[in-house]
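# Per-entry structural report
For reference, the chains in residue letters:
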Amino acid sequence: MARSSSPLRNLVLVLGDQLNRNAAVFDGFDVRRDAVWMAEVQQEATHVWCHKQRIALFFSAMRHFRDELRNQDIDVHYHALGPKASRDRGRDFAAVLRKDVRRLKPERLKIVHPGDYRVKQSLESECSKMRVPLDIVPDRHFYCQPDEFKAFSRGRKSLLLESFYRRMRKKHGVLMDGENPIGGKWNFDHDNRQTFGKHGPGSITGPHSFRPDDVTEQVFDVVEARFADHPGELDSFDLPVSHQQAMRMLRDFIDRSLPLFGKYEDAMWTDEAFLYHSRLSAALNIKLLDPRNCVEKAVEAYQNGDAPLNSVEGFVRQLLGWREFIRGVYWLHMPDYIDKNALGHRREVPSFFWDGDTDMECVRQSMAHVLKHGYAHHIHRLMILGNLALMVGVDPRKFHDWHMAMYADAVDWVSLPNALGMSQYGDGGIVGTKPYCSTGNYINRMSNFCGQCPYDYRKSEGESACPFTTLYWEFLDRHYERFKKNSRMSLQMKHVAKKRQSHEMKKIRSQAKALIKQWYDA
Ligand code: SF4
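As a convention, each chain's residues are numbered from 1 in the sequence order in which they are written. In keeping with the predicted nature of the model, local features appear solely for residues at pLDDT of at least 70, side-chain atom pairs appear and are counted solely at 80 or more, and the whole-chain, interface and lining totals rest on all residues. Water and hydrogen atoms play no part in the side-chain values, which are based on all heavy atoms of the structure.

## Thoughts on the sheet that holds strand β4 (residues 108–112)
This is how the line gets drawn: Between any two strands, at least two bridges found by DSSP are needed for them to pair. Each helix is a run of DSSP H or I of at least 4 residues and each strand a run of E of at least 2, with the numbering of both proceeding from the N terminus. An axis is simply a line fitted to the C-alpha atoms; with a helix, the fit covers only the stretch in contact. Between two such axes, the angle follows the N-to-C directions and lies from 0 to 180 degrees.
Pairing within the open sheet is parallel, and its five strands lie in the order β3-β2-β1-β4-β5. With one partner strand each, in any of the chains shown, β3 (76–79) and β5 (134–137) form the two edges of the open sheet. Put simply, the sheet's adjacent strands are angled 25° from each other on average, direction ignored. Pairing of strand β1 (residues 10–13) with strand β2 (residues 35–39) involves three bridges; the strand directions are parallel.

## What about the packing of aromatic side chains?
The condition is simple: Put simply, two rings from Phe, Tyr or Trp (the six-membered ring, in Trp's case) pair if the centres are within 6.5 Å, and we call them stacked under 30 degrees between planes, edge-to-face over 60, tilted for the rest. Burial classes follow relative accessibility: with a 1.4 Å probe on protein chains only, a residue under 20% of its type's maximum area counts as buried, one over 50% as exposed, and anything between as partly exposed. The criterion is that NZ of a Lys, or CZ of an Arg, lies within 6 Å of the ring centre and within 35 degrees of the ring normal, and then a charge sits over that ring.
By the definition in use, this model includes 28 aromatic pairs. Judged by centre distance (5.8 Å) and plane angle (70°), the ring pair of Phe149 and Phe325 falls under edge-to-face. Of this pair, Phe149 sits in helix α5 (residues 146–153) while Phe325 sits in helix α11 (residues 309–333), and the two are 176 residues apart along the sequence. Neither residue differs from the other here; Phe149 and Phe325 are each classed as buried. Pairing Phe475 with Phe483 gives two aromatic rings, centres 5.7 Å apart and planes at 50°, and the pair type is tilted. The pair Phe475 / Phe483 is uniform in exposure class, with both members buried. Pairwise contacts between aromatic rings join Phe352, Phe353, Phe399, Trp402, Tyr407 and Trp519 into one cluster. Between the NZ or CZ atom of Arg66 and the centre of the ring of Tyr78, over which it lies, the distance is 4.6 Å. Lying over the aromatic face of Tyr480, Arg500 brings its terminal NZ or CZ to 4.1 Å of the ring centre.

## What to know about the state of the cysteines
To keep things clear, this is the line we draw: Note that a disulfide, as used here, is simply two cysteine sulfur atoms within 2.5 Å.
With the rule as written, the count across this model stands at zero disulfides. Note on Cys294: no disulfide assigned, nearest cysteine sulfur contributed by Cys144 at a separation of 18 Å. On the basis of relative accessible area, Cys294 is assigned to the buried category, the value being 0%.

## Quick notes on the site of the ligand
Quick note on the threshold: Any residue with a non-hydrogen atom lying within 4 Å of a molecule or strand is treated as near it. Residue polarity follows a fixed list, in which Ala, Val, Leu, Ile, Met, Phe, Trp, Tyr, Cys and Pro are nonpolar, Asp, Glu, Lys and Arg are charged, and the others, Gly among them, are polar.
As a structural note, the neighbourhood of the ligand is formed by Met360, Cys362, Gly440, Ile443, Phe449, Cys450, Cys453, Tyr455, Tyr457 and Cys466. Broken down by class, the residue content of the shell around the ligand amounts to nine nonpolar, one polar and no charged.

## Quick look at the nonpolar core
We apply this condition: Residues enter a nonpolar core if they are buried and are Ala, Val, Leu, Ile, Met, Phe, Trp, Tyr or Cys, with the set joined through side-chain atoms within 4.5 Å. We call two residues in contact when some of their heavy atoms are within 4.5 Å.
Counting 158 residues, the largest nonpolar core has Phe26, Val36, Leu258, Val363, Leu388, Phe468 and Leu476 as its most contacted members. With twelve residues, the single largest contributor to this core is α11. Apart from the residues lying within four places of it in its own chain, the contact partners of Leu476 are Cys437, Phe483, Met489, Gln492, Met493 and Val496. With 21 residues, the next largest nonpolar core counts Val96, Ile111, Leu123 and Val132 among its residues.

## Side note on the environment of Gly206
Relative to the helices and strands, Gly206 resides in the loop between β7 (180–181) and α7 (214–226). Overall, the relative accessible area of 9% leaves Gly206 in the buried class. Taking the C-alpha atoms as reference, Gly206 lies 41 Å from Val31; in sequence the two are 175 residues apart. With residues up to four places along the chain from it excluded, the contact list for Gly206 reads Asp252, Arg256 and Leu275.

## Re the environment of Ala228
Take Ala228: it is sitting in the loop between α7 and α8 (243–261). For Ala228, a relative accessible area of 45% corresponds to the partly exposed category. Look past the residues within four positions of Ala228 in its chain and what remains in contact with it is Lys52 and Val223.

## Looking at the pairing of β4
Of all five residues in β4, four are buried, a share of seventy percent or more. As judged from the four bridges shared by β1 and β4, these two strands associate in the parallel manner. Residue pairing across strands places Asn10 opposite Arg108, the latter belonging to β4. The sheet contact formed by β4 and β5 spans four bridges and is parallel. Looking at β5, one finds that Leu109 is bridged to Leu134.

## Side note on helix α13 (residues 361–373)
The following threshold applies: A helix is expected to span 1.5 Å for every residue after the first.
Here α13 spans 18 Å end to end across 13 residues, near enough to the 18 Å set by a 1.5 Å rise per residue. A large share of α13 lies buried, amounting to ten of its 13 residues. Among all positions in α13, only Glu361, Cys362, Val363, Gln365, Ser366, Met367, His369, Val370, Leu371 and His373 are buried. Just downstream of α13 lies Gly374, where phi reads positive at about 60°.

## Remarks on the pattern of salt bridges
Applied cut-off: Salt bridge criterion: a side-chain nitrogen from Lys or Arg within 4 Å of a carboxyl oxygen from Asp or Glu.
Within this structure, the stated rule accounts for 33 salt bridges. Linking Arg63 and Glu40 is a salt bridge whose minimum nitrogen-to-oxygen distance equals 2.7 Å. You can see Arg63 sitting in helix α2 (residues 52–71) and its partner Glu40 sitting in the loop between β2 and α1 (42–46), a full 23 residues away along the chain. Of the two residues, Arg63 and Glu40, both sit in the buried class. One salt bridge connects Asp116 with Arg118, and the closest N-O pair in it is separated by 3.6 Å. What makes Arg118 partly exposed here is its relative accessible area of 31%.

## Quick word on the environment of Ser60
Mapping Ser60 onto the fold places it in helix α2. Separated by 152 residues in the primary sequence, Ser60 and Pro212 place their C-alpha atoms 9.4 Å from one another. Setting aside its immediate chain neighbours within four residues, Ser60 contacts Val215, Thr216, Val219 and Val241.

Don't take any of this as a statement about function, it's just geometry.
Structure, rendered in C-alpha cells:
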C-alpha cells in the first residue's frame, strides 16, 4: 500500500553508507505515513578526491537499495545525478534536503547515527535552521555504541585493543568456552604470519566477483561524464552492490578462502591483490552486510571443522575487535582527532601515490591493486604505502584524505583512526603504541617483490640502496628523542644510537635527503 495523501510523518534520511533495511530507523516505519529520502550529490563525491570505483559503488548500491525499498511499496524521494551536469550541479547535500523539506513538510526527520562527524554536525545545524526535529537513532549495525566505548575508556591510561576485544568476545559469547577463549588463547597471531616461500601461492581463484548490471552501467555513465579526471578505472569494477550479492560473497569467502586466510593473512605476492582475503570491507562499510552474519558464519565453519581456529579467530578479531575499536576511538576523540599530528609531518603524498609511476617494485604492486580495484590488503596498506608515507613525513591528515580518495571501502570513521592514527602515528599512540615502520627486510620476508626490484633491500646507502631501508633509519634518527623513550622500540633505538656514533647515519641522512628531493622536486 503506497503512502496516502495525509501529511508526512517521518522523512527517513538514508546516506550512502547506511544501506541497511534492518536499521533502527525503519522500526515502526509505516508506508502510509512515512517516506525515505536519498540523494546523490556532486559535493559528497568531490568533498575528497575520489577513486571512480568508490563513487560507482556508492551510487550503484544506493540505487539498488532505493529499488528494493520501492519494491516494498515504500515511497522513496531519490535524487539521482545524471550524466550531464544539471541545475543541481555544485549544490550541496544541505541545499537539496532543504528544498525537499520545504516541499514535503515532514513532521520530523529521522536518520541512523551518521558515520562522519562532519555530516552529523551539518545535519544537526541544518535541521535547527529549518526548525524541523531530527531524530538520530543508534547504528545497530555495530556491536558497540559510542557510549559503551566511552564507558570502557573511562579511567584507562591507554586504550588497548586487546582489553576491548576480550571484553567483546565475553559479552557476545563469541568463540568462548564459558569464561575462557576456545583453544585456550585469545590470539593466534603467531600462526598467522606465514609466507608463500619460493614457489608462491599457486593458483588462487580470488573473491567472488559480480558483473555490473544495468543499474551499475548507468552509474558508470554518470561517473565517466562527471568524474572523468578522477583516479582509478571502472573496467575492473566487480563489487557487490546489494545485500544479496554481499551475502553471496560472504558464503564464497567462508567456503573457499577462510581456511587459509589466517595463515597467509600478512603475505604478499606479485599481481595477487586478494589472495585469501575476504574483500568484504566495502560491503560491510556501506552496511550491505551485517558483521554478525560474518562472525556467525565464520564460527560455524570452525564448529563444523571446515576452517581452523587461527583463521576464524583472526577474522573475528578484525570484525568484533579492531573494527569496533577504531569506531569507538573515532567518536571518542572527534572533532579534535582529525587535527592530530604528533610528529609534525607536513609533506604531501608523493605523486606516485596517485599514478603508481615508480620503479620501487613493492610500491608499484600496491598501487596497481589500488588503481585497478580501489583495494589493497592490510599489509600493502600498512607496511608498504603507509610505511613509506610515514617515513617520508606526509601530513597525516593528507594521508587520510588520500586514503579516503583511493579505497572503495573508505569511510571517515574507518579511515581516520586507521590512516591518520595507526598508519601515520598522527595521534601519538592512541591506536598504536609504536609507529608501524620497517626496512625493506620485512617486505622481502613477506613477498617476492624485492627479487624483481632494482634496489637492494639490505642497503641503506649507496646507489642501489632500498628507499625503505634508507628512510627507516633516517626516520628513527629524526625522531630519536621521542622514540628512545618508547620501551617497545628500545632495540631499534639502540641500533640508531650505534649508527649515529659510527657516522653511518651521516651518509643515510644525505641519501634520504636526495631521495626526498627527487620525489618532491620532480
Ligand atoms: Fe620495495 Fe626495497 Fe624491496 Fe624494492 S628492494 S621491492 S623498494 S622493499
